[in-house]
Amino acid sequence: MAIANPGRSHTLFLDAITHRFGAVTAVREVTLEVAAGEMVALLGPSGCGKSTLLRIIAGFTRQTLGRVLIDGESVDHLAPSHRRVGIVFQNYALFPHMSVADNIAYGLDARGIKGKIAQTRVEAMLALVRMAGFAERLPRELSGGQQQRVALARALAVEPRILLLDEPFGALDKSLRLDMQIEIKRLQREYGITTIIVTHDQEEALSMADRIAVLHRGGVEQFDSPMNIYDRPASVFVSAFVGTTNLLPGEVVGAIDTGIAVRLDCGVTLLGVAVGRFAVGARVLLAVRPERLRVEGEPAPDRIAGIIKAALPLGATTIYEVETGDRRVLKLATTRDGESEGGVLRLGDRVHLAVASAESCAVFAAGDAGR
Ligand code: ATP
(Lines give C-alpha, C1' and ligand atoms only; values in the text may rest on other atoms or scores of the structure.)
Protein backbone atom coordinates (compact mmCIF):
# COMPACT_ATOMS: atom_id res chain seq x y z
CA MET A 1 0.00 0.00 0.00
CA ALA A 2 1.36 3.42 -0.92
CA ILE A 3 1.31 5.75 2.03
CA ALA A 4 2.11 9.32 1.12
CA ASN A 5 2.95 10.42 4.62
CA PRO A 6 3.74 7.44 6.80
CA GLY A 7 5.06 9.64 9.62
CA ARG A 8 1.50 10.74 10.28
CA SER A 9 0.04 7.26 10.12
CA HIS A 10 -1.05 5.25 13.12
CA THR A 11 -2.29 1.72 13.65
CA LEU A 12 -5.61 0.73 15.17
CA PHE A 13 -6.30 -2.60 16.80
CA LEU A 14 -9.70 -3.71 17.99
CA ASP A 15 -9.06 -6.61 20.29
CA ALA A 16 -12.06 -8.91 20.81
CA ILE A 17 -14.59 -6.13 21.29
CA THR A 18 -18.03 -7.13 22.55
CA HIS A 19 -20.77 -4.69 23.44
CA ARG A 20 -24.13 -5.40 25.01
CA PHE A 21 -27.08 -3.08 25.46
CA GLY A 22 -28.95 -5.04 28.14
CA ALA A 23 -29.99 -8.28 26.48
CA VAL A 24 -28.94 -7.10 22.98
CA THR A 25 -25.42 -7.98 21.87
CA ALA A 26 -24.71 -5.18 19.39
CA VAL A 27 -21.03 -6.07 18.80
CA ARG A 28 -19.76 -9.62 19.06
CA GLU A 29 -16.06 -10.37 19.59
CA VAL A 30 -14.85 -8.08 16.84
CA THR A 31 -11.11 -8.24 16.23
CA LEU A 32 -9.72 -6.00 13.50
CA GLU A 33 -6.14 -4.98 12.85
CA VAL A 34 -5.96 -1.78 10.80
CA ALA A 35 -2.59 -0.87 9.29
CA ALA A 36 -1.10 2.62 9.39
CA GLY A 37 -2.52 4.73 6.58
CA GLU A 38 -5.13 2.15 5.67
CA MET A 39 -8.78 2.89 4.91
CA VAL A 40 -11.12 0.24 6.24
CA ALA A 41 -14.86 0.19 5.61
CA LEU A 42 -17.29 -1.25 8.14
CA LEU A 43 -20.06 -2.50 5.88
CA GLY A 44 -23.31 -4.11 6.86
CA PRO A 45 -27.09 -3.79 7.00
CA SER A 46 -28.94 -1.58 9.45
CA GLY A 47 -28.51 -2.74 13.03
CA CYS A 48 -25.37 -4.84 12.43
CA GLY A 49 -23.38 -2.79 14.95
CA LYS A 50 -21.38 -0.41 12.71
CA SER A 51 -22.19 2.80 14.57
CA THR A 52 -21.73 1.19 17.96
CA LEU A 53 -18.26 0.04 16.93
CA LEU A 54 -17.38 3.52 15.69
CA ARG A 55 -18.60 5.08 18.94
CA ILE A 56 -16.46 2.61 20.87
CA ILE A 57 -13.35 3.62 18.89
CA ALA A 58 -14.15 7.30 19.48
CA GLY A 59 -14.70 6.68 23.18
CA PHE A 60 -18.36 7.78 23.30
CA THR A 61 -19.42 4.25 24.25
CA ARG A 62 -17.44 2.10 26.64
CA GLN A 63 -17.36 -1.49 25.38
CA THR A 64 -18.51 -4.34 27.60
CA LEU A 65 -15.43 -6.46 26.77
CA GLY A 66 -12.21 -6.14 24.77
CA ARG A 67 -9.69 -3.39 24.10
CA VAL A 68 -9.09 -0.53 21.66
CA LEU A 69 -5.41 0.08 20.91
CA ILE A 70 -3.84 2.89 18.92
CA ASP A 71 -0.18 2.35 18.03
CA GLY A 72 -0.23 -0.71 20.26
CA GLU A 73 -1.38 1.12 23.37
CA SER A 74 -4.76 0.85 24.99
CA VAL A 75 -6.87 4.03 24.83
CA ASP A 76 -9.74 2.63 26.90
CA HIS A 77 -8.94 4.89 29.86
CA LEU A 78 -8.93 8.02 27.67
CA ALA A 79 -11.92 10.33 27.23
CA PRO A 80 -12.96 10.99 23.60
CA SER A 81 -11.21 14.38 23.57
CA HIS A 82 -7.91 12.76 24.56
CA ARG A 83 -7.88 9.93 22.04
CA ARG A 84 -6.89 12.14 19.10
CA VAL A 85 -9.58 10.63 16.94
CA GLY A 86 -11.42 12.85 14.41
CA ILE A 87 -15.01 12.18 13.40
CA VAL A 88 -17.09 13.31 10.45
CA PHE A 89 -20.81 12.63 10.72
CA GLN A 90 -23.45 12.30 8.02
CA ASN A 91 -25.11 15.60 9.00
CA TYR A 92 -21.78 17.53 9.16
CA ALA A 93 -22.60 18.86 12.67
CA LEU A 94 -21.03 22.28 11.96
CA PHE A 95 -21.75 25.11 14.38
CA PRO A 96 -24.34 27.17 12.46
CA HIS A 97 -23.53 30.57 13.98
CA MET A 98 -19.75 30.27 13.42
CA SER A 99 -17.85 31.07 10.24
CA VAL A 100 -16.08 28.31 8.32
CA ALA A 101 -12.72 29.46 9.77
CA ASP A 102 -14.08 29.48 13.33
CA ASN A 103 -15.59 26.03 12.86
CA ILE A 104 -12.20 24.68 11.80
CA ALA A 105 -10.38 26.54 14.59
CA TYR A 106 -12.77 25.28 17.26
CA GLY A 107 -10.91 22.09 18.09
CA LEU A 108 -7.56 23.88 17.94
CA ASP A 109 -8.71 26.46 20.45
CA ALA A 110 -9.90 23.71 22.80
CA ARG A 111 -6.36 22.31 22.66
CA GLY A 112 -4.77 25.66 23.44
CA ILE A 113 -3.63 26.32 19.84
CA LYS A 114 -4.46 29.97 19.18
CA GLY A 115 -3.37 33.08 17.28
CA LYS A 116 -1.06 32.93 14.27
CA ILE A 117 -0.36 29.21 14.54
CA ALA A 118 -4.08 28.42 14.58
CA GLN A 119 -4.71 30.76 11.66
CA THR A 120 -1.96 29.16 9.59
CA ARG A 121 -3.39 25.70 10.35
CA VAL A 122 -6.92 26.81 9.38
CA GLU A 123 -5.63 28.18 6.09
CA ALA A 124 -3.73 24.97 5.38
CA MET A 125 -6.84 22.91 6.08
CA LEU A 126 -8.99 25.10 3.84
CA ALA A 127 -6.47 24.69 1.04
CA LEU A 128 -6.37 20.93 1.63
CA VAL A 129 -10.12 20.57 1.15
CA ARG A 130 -10.08 23.13 -1.69
CA MET A 131 -12.13 25.68 0.20
CA ALA A 132 -9.68 28.61 0.37
CA GLY A 133 -11.72 31.78 -0.04
CA PHE A 134 -14.67 30.46 1.98
CA ALA A 135 -13.22 31.24 5.43
CA GLU A 136 -15.74 33.90 6.38
CA ARG A 137 -18.88 32.17 5.12
CA LEU A 138 -21.46 30.70 7.46
CA PRO A 139 -22.38 27.01 7.06
CA ARG A 140 -25.84 27.87 5.71
CA GLU A 141 -24.17 29.75 2.85
CA LEU A 142 -22.51 26.54 1.65
CA SER A 143 -23.72 23.57 -0.38
CA GLY A 144 -23.96 20.14 1.23
CA GLY A 145 -20.69 19.02 -0.34
CA GLN A 146 -18.89 22.17 0.80
CA GLN A 147 -20.21 21.73 4.34
CA GLN A 148 -18.91 18.19 4.31
CA ARG A 149 -15.48 19.44 3.25
CA VAL A 150 -15.46 21.91 6.12
CA ALA A 151 -16.46 19.13 8.52
CA LEU A 152 -13.53 17.11 7.18
CA ALA A 153 -11.15 20.08 7.53
CA ARG A 154 -12.34 20.55 11.11
CA ALA A 155 -11.73 16.88 11.90
CA LEU A 156 -8.25 16.93 10.31
CA ALA A 157 -7.17 20.27 11.83
CA VAL A 158 -6.34 18.73 15.18
CA GLU A 159 -4.12 16.14 13.49
CA PRO A 160 -6.05 13.11 14.65
CA ARG A 161 -4.33 9.75 14.77
CA ILE A 162 -7.42 8.03 13.40
CA LEU A 163 -10.17 9.49 11.21
CA LEU A 164 -13.69 8.10 11.59
CA LEU A 165 -16.26 8.73 8.87
CA ASP A 166 -19.83 7.86 9.85
CA GLU A 167 -21.94 7.52 6.67
CA PRO A 168 -20.31 10.78 5.54
CA PHE A 169 -22.03 10.99 2.16
CA GLY A 170 -25.51 9.93 3.22
CA ALA A 171 -27.00 13.40 2.86
CA LEU A 172 -25.49 14.13 -0.56
CA ASP A 173 -27.12 13.50 -3.92
CA LYS A 174 -25.64 10.89 -6.20
CA SER A 175 -23.31 12.95 -8.40
CA LEU A 176 -21.99 15.03 -5.51
CA ARG A 177 -21.53 11.84 -3.58
CA LEU A 178 -19.20 10.47 -6.22
CA ASP A 179 -17.20 13.73 -6.31
CA MET A 180 -16.84 13.68 -2.54
CA GLN A 181 -15.85 10.01 -2.49
CA ILE A 182 -13.06 10.72 -4.94
CA GLU A 183 -12.05 13.83 -3.01
CA ILE A 184 -11.92 12.11 0.37
CA LYS A 185 -10.03 9.19 -1.07
CA ARG A 186 -7.47 11.64 -2.50
CA LEU A 187 -7.14 13.43 0.83
CA GLN A 188 -6.88 10.23 2.77
CA ARG A 189 -4.04 9.02 0.53
CA GLU A 190 -2.29 12.37 0.47
CA TYR A 191 -2.56 12.77 4.20
CA GLY A 192 -1.82 9.11 4.87
CA ILE A 193 -4.33 9.00 7.68
CA THR A 194 -5.67 5.74 9.05
CA THR A 195 -9.40 5.88 8.39
CA ILE A 196 -12.50 3.89 9.30
CA ILE A 197 -15.56 4.57 7.19
CA VAL A 198 -18.98 3.28 8.19
CA THR A 199 -21.34 2.61 5.34
CA HIS A 200 -24.25 0.43 4.34
CA ASP A 201 -23.51 1.18 0.69
CA GLN A 202 -21.55 -1.69 -0.81
CA GLU A 203 -20.39 0.27 -3.85
CA GLU A 204 -18.99 2.95 -1.58
CA ALA A 205 -17.11 0.34 0.43
CA LEU A 206 -15.82 -1.46 -2.67
CA SER A 207 -14.62 1.72 -4.35
CA MET A 208 -13.07 3.53 -1.38
CA ALA A 209 -11.65 1.03 1.09
CA ASP A 210 -8.34 -0.83 1.09
CA ARG A 211 -10.11 -3.52 3.10
CA ILE A 212 -13.71 -4.13 4.06
CA ALA A 213 -15.05 -5.66 7.26
CA VAL A 214 -18.49 -7.07 6.47
CA LEU A 215 -20.53 -7.09 9.68
CA HIS A 216 -23.54 -9.29 10.31
CA ARG A 217 -25.42 -9.35 13.58
CA GLY A 218 -22.57 -7.69 15.44
CA GLY A 219 -19.84 -10.07 14.22
CA VAL A 220 -17.24 -9.84 11.45
CA GLU A 221 -18.34 -12.08 8.62
CA GLN A 222 -15.27 -11.37 6.46
CA PHE A 223 -12.35 -8.91 6.60
CA ASP A 224 -10.65 -8.76 3.27
CA SER A 225 -9.75 -6.72 0.18
CA PRO A 226 -12.69 -5.44 -1.89
CA MET A 227 -11.77 -7.81 -4.69
CA ASN A 228 -11.74 -10.87 -2.44
CA ILE A 229 -14.96 -9.83 -0.74
CA TYR A 230 -16.60 -9.69 -4.15
CA ASP A 231 -14.93 -12.64 -5.87
CA ARG A 232 -14.29 -14.89 -2.86
CA PRO A 233 -17.14 -14.29 -0.41
CA ALA A 234 -16.66 -16.31 2.77
CA SER A 235 -20.37 -16.90 3.36
CA VAL A 236 -23.76 -16.77 1.68
CA PHE A 237 -24.44 -13.57 3.62
CA VAL A 238 -21.40 -11.79 2.15
CA SER A 239 -22.15 -13.15 -1.30
CA ALA A 240 -25.71 -11.83 -1.19
CA PHE A 241 -25.01 -8.55 0.65
CA VAL A 242 -22.09 -7.41 -1.48
CA GLY A 243 -23.19 -7.24 -5.08
CA THR A 244 -25.99 -9.32 -6.54
CA THR A 245 -25.83 -13.06 -6.62
CA ASN A 246 -27.90 -16.02 -7.81
CA LEU A 247 -28.20 -18.79 -5.25
CA LEU A 248 -28.93 -22.19 -6.77
CA PRO A 249 -29.69 -25.20 -4.55
CA GLY A 250 -28.21 -28.57 -5.40
CA GLU A 251 -26.26 -31.57 -4.24
CA VAL A 252 -22.54 -32.38 -4.31
CA VAL A 253 -21.89 -35.21 -6.76
CA GLY A 254 -18.11 -35.27 -6.72
CA ALA A 255 -14.87 -33.39 -6.93
CA ILE A 256 -12.34 -33.09 -9.73
CA ASP A 257 -9.15 -31.07 -10.11
CA THR A 258 -10.89 -28.01 -11.45
CA GLY A 259 -13.67 -27.82 -8.86
CA ILE A 260 -16.46 -29.43 -6.94
CA ALA A 261 -19.33 -30.78 -9.04
CA VAL A 262 -22.84 -29.83 -8.00
CA ARG A 263 -26.01 -31.22 -9.54
CA LEU A 264 -28.48 -28.36 -9.32
CA ASP A 265 -32.14 -29.02 -8.62
CA CYS A 266 -32.90 -27.87 -12.17
CA GLY A 267 -30.92 -30.92 -13.37
CA VAL A 268 -27.80 -29.15 -14.64
CA THR A 269 -24.38 -30.05 -13.21
CA LEU A 270 -21.91 -27.21 -12.67
CA LEU A 271 -18.45 -26.88 -11.17
CA GLY A 272 -17.68 -24.45 -8.38
CA VAL A 273 -15.09 -23.48 -5.79
CA ALA A 274 -15.90 -24.95 -2.38
CA VAL A 275 -16.19 -22.63 0.62
CA GLY A 276 -15.73 -25.25 3.35
CA ARG A 277 -15.57 -29.04 3.09
CA PHE A 278 -18.27 -31.11 1.52
CA ALA A 279 -19.04 -34.82 1.27
CA VAL A 280 -20.72 -36.31 -1.77
CA GLY A 281 -24.48 -36.03 -1.24
CA ALA A 282 -24.27 -32.81 0.82
CA ARG A 283 -26.95 -30.20 0.15
CA VAL A 284 -25.35 -26.95 -1.00
CA LEU A 285 -26.01 -23.57 -2.53
CA LEU A 286 -24.08 -22.56 -5.60
CA ALA A 287 -23.63 -18.80 -5.88
CA VAL A 288 -23.02 -17.21 -9.26
CA ARG A 289 -22.97 -13.51 -10.06
CA PRO A 290 -25.25 -12.18 -12.84
CA GLU A 291 -22.28 -10.99 -14.91
CA ARG A 292 -20.72 -14.48 -14.79
CA LEU A 293 -23.59 -15.99 -16.76
CA ARG A 294 -23.26 -16.07 -20.53
CA VAL A 295 -26.09 -16.46 -22.99
CA GLU A 296 -25.86 -19.31 -25.48
CA GLY A 297 -28.35 -20.21 -28.16
CA GLU A 298 -27.96 -23.98 -27.99
CA PRO A 299 -28.78 -26.33 -25.09
CA ALA A 300 -26.01 -28.35 -23.37
CA PRO A 301 -25.79 -30.49 -20.21
CA ASP A 302 -23.98 -27.69 -18.33
CA ARG A 303 -26.28 -24.89 -19.48
CA ILE A 304 -29.32 -23.70 -17.57
CA ALA A 305 -32.35 -23.29 -19.81
CA GLY A 306 -34.74 -20.44 -19.16
CA ILE A 307 -37.01 -17.76 -20.59
CA ILE A 308 -36.41 -14.01 -20.44
CA LYS A 309 -39.16 -12.55 -18.25
CA ALA A 310 -37.99 -9.00 -17.59
CA ALA A 311 -35.34 -6.55 -18.74
CA LEU A 312 -33.87 -3.64 -16.82
CA PRO A 313 -31.59 -1.48 -19.00
CA LEU A 314 -29.07 0.39 -16.81
CA GLY A 315 -27.14 2.25 -19.49
CA ALA A 316 -23.88 0.37 -19.97
CA THR A 317 -25.36 -2.92 -18.74
CA THR A 318 -28.74 -4.61 -18.85
CA ILE A 319 -30.11 -6.87 -16.14
CA TYR A 320 -32.46 -9.63 -17.26
CA GLU A 321 -34.64 -11.89 -15.20
CA VAL A 322 -34.59 -15.42 -16.52
CA GLU A 323 -37.11 -18.00 -15.33
CA THR A 324 -35.76 -21.54 -15.22
CA GLY A 325 -37.60 -24.85 -15.65
CA ASP A 326 -37.89 -25.27 -11.87
CA ARG A 327 -39.54 -21.84 -11.61
CA ARG A 328 -36.54 -20.06 -10.17
CA VAL A 329 -35.72 -16.54 -11.31
CA LEU A 330 -32.07 -15.87 -12.14
CA LYS A 331 -30.50 -12.50 -12.78
CA LEU A 332 -28.30 -12.13 -15.82
CA ALA A 333 -26.18 -9.05 -16.57
CA THR A 334 -24.99 -8.29 -20.05
CA THR A 335 -22.92 -5.43 -21.35
CA ARG A 336 -23.80 -3.65 -24.54
CA ASP A 337 -20.70 -5.07 -26.24
CA GLY A 338 -21.68 -8.60 -25.24
CA GLU A 339 -25.16 -8.09 -26.55
CA SER A 340 -24.05 -6.87 -29.93
CA GLU A 341 -22.37 -10.27 -30.38
CA GLY A 342 -25.37 -12.37 -29.44
CA GLY A 343 -28.05 -9.92 -30.49
CA VAL A 344 -30.47 -8.06 -28.22
CA LEU A 345 -32.53 -10.29 -25.94
CA ARG A 346 -36.31 -9.93 -25.97
CA LEU A 347 -38.98 -10.84 -23.46
CA GLY A 348 -40.07 -14.43 -24.05
CA ASP A 349 -36.75 -15.46 -25.67
CA ARG A 350 -35.55 -18.93 -24.71
CA VAL A 351 -31.92 -18.83 -23.57
CA HIS A 352 -29.29 -21.27 -22.34
CA LEU A 353 -27.08 -19.87 -19.61
CA ALA A 354 -23.49 -21.03 -19.37
CA VAL A 355 -21.05 -20.26 -16.58
CA ALA A 356 -17.61 -19.00 -17.61
CA SER A 357 -15.60 -21.29 -15.29
CA ALA A 358 -15.63 -23.07 -11.91
CA GLU A 359 -13.97 -19.90 -10.56
CA SER A 360 -17.22 -18.06 -11.22
CA CYS A 361 -19.18 -20.15 -8.73
CA ALA A 362 -18.85 -20.44 -4.97
CA VAL A 363 -20.31 -23.47 -3.21
CA PHE A 364 -21.69 -22.97 0.31
CA ALA A 365 -23.32 -25.36 2.78
CA ALA A 366 -27.09 -25.09 2.37
CA GLY A 367 -27.49 -24.34 6.10
CA ASP A 368 -25.23 -21.28 5.79
CA ALA A 369 -28.02 -19.27 4.19
CA GLY A 370 -30.33 -19.26 7.17
CA ARG A 371 -28.00 -17.51 9.60
P1 ATP B 1 -27.63 1.71 11.15
O2 ATP B 1 -26.99 1.47 9.83
O3 ATP B 1 -29.12 1.56 11.11
O4 ATP B 1 -27.18 2.95 11.84
P5 ATP B 1 -25.79 0.11 12.73
O6 ATP B 1 -25.19 -1.01 11.98
O7 ATP B 1 -25.00 1.32 12.90
O8 ATP B 1 -27.21 0.47 12.11
P9 ATP B 1 -26.01 0.09 15.59
O10 ATP B 1 -26.60 1.46 15.70
O11 ATP B 1 -24.60 -0.05 16.00
O12 ATP B 1 -26.20 -0.49 14.14
O13 ATP B 1 -26.91 -0.90 16.46
C14 ATP B 1 -26.58 -2.26 16.69
C15 ATP B 1 -27.65 -2.92 17.56
O16 ATP B 1 -27.64 -2.36 18.86
C17 ATP B 1 -29.07 -2.76 17.04
O18 ATP B 1 -29.77 -3.95 17.29
C19 ATP B 1 -29.61 -1.60 17.85
O20 ATP B 1 -31.01 -1.73 17.99
C21 ATP B 1 -28.91 -1.81 19.19
N22 ATP B 1 -28.67 -0.52 19.88
C23 ATP B 1 -27.95 0.53 19.42
N24 ATP B 1 -27.91 1.52 20.33
C25 ATP B 1 -28.62 1.10 21.40
C26 ATP B 1 -28.95 1.67 22.68
N27 ATP B 1 -28.50 2.88 23.04
N28 ATP B 1 -29.70 0.93 23.51
C29 ATP B 1 -30.14 -0.30 23.17
N30 ATP B 1 -29.86 -0.90 21.98
C31 ATP B 1 -29.11 -0.22 21.12
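Residues numbered from 1 in each chain as written. Predicted model: local features only at pLDDT ≥ 70, side-chain atom pairs only at ≥ 80, totals over all residues. Heavy atoms only, no water.

A.B. asks: Hey, could you run me through empty space enclosed by the protein in this one?
C.D. replies: In the structure shown here, the tally under the stated rule is two cavities of 30 Å³ or more. The volume enclosed by the largest cavity comes to roughly 50 Å³. In this structure, the largest cavity is lined by Leu248, Pro249, Leu264, Asp265, Cys266, Ile304, Thr324, Asp326 and Arg328. A class-by-class count of the residues in the lining of the largest cavity yields five nonpolar, one polar and three charged. Roughly 40 Å³ of internal volume is contained in the second largest cavity. Along the walls of the second largest cavity sit Leu152, Leu156, Leu163, Ile184, Leu187, Gln188, Tyr191 and Ile193, which together make up its complete lining. For the lining of the second largest cavity, the elements supplying multiple residues, two or more each, are helix H4 (144-157) and helix H5 (174-191). In terms of residue count, H5 provides more of the lining of the second largest cavity than any other element does, four residues in total. Its residues assigned to classes, the lining of the second largest cavity comprises seven nonpolar, one polar and no charged. (1 Å grid on protein atoms, 1.4 Å probe; cavity = no way out; pocket = protein on both sides within 12 Å on 5 of 7 lines; lining within 4 Å. Points joined across faces, edges and corners; volume = space filled by probe spheres on them. Nonpolar A, V, L, I, M, F, W, Y, C, P; charged D, E, K, R; others polar. Helix = DSSP H or I, 4+ residues; strand = E, 2+ residues; numbered from the N terminus.)

A.B. asks: Just to check I follow, could you spell out the nonpolar core for this structure?
C.D. replies: A general feature of soluble globular proteins is that nonpolar side chains tend to end up buried together. The biggest cluster of nonpolar side chains holds 47 residues, and the ones touching the most others in it are Ile104 and Leu152. Ranked by residues supplied to this core, first place goes to H4 with seven residues. Isoleucine 104 has contacts with Val122, Met125, Leu126, Val150, Ala153, Arg154 and Ala157, leaving out every residue within four places of it along the chain. Counting 27 residues, the second largest nonpolar core, distinct from the first, contains Val27, Leu53, Ile57 and Ala213. (Core = buried A, V, L, I, M, F, W, Y, C linked by side-chain atoms within 4.5 Å. Buried < 20%, exposed > 50% of the residue type's maximum accessible area, 1.4 Å probe, protein only. Contact = heavy atoms within 4.5 Å.)

A.B. asks: Is there a simple way to think about the sheet that holds strand E5 (residues 73-74) in this case?
C.D. replies: Adjacent strands of a sheet pair through backbone hydrogen bonds, lying either parallel or antiparallel. Read across the sheet, four strands follow the order E2-E1-E4-E5 without closing on themselves; strand pairing throughout is antiparallel. Of all the strands in the sheet, the pair left with one neighbour each is strand E2 (24-34) and E5. Sheet topology places strand E4 (residues 65-70) next to E5; two bridges connect them, and they run antiparallel. Within E5, the residue paired with isoleucine 70 across the bridge is glutamate 73. Here helix H1 (residues 50-58) sits on the sheet and contacts strand E1 (12-21), E2 and E4; the angle it forms with E1, its principal contact strand, is near 120°. (Pairing = 2+ DSSP bridges. Axes fitted to C-alpha atoms, helices over the stretch in contact; angles between N-to-C directions.)

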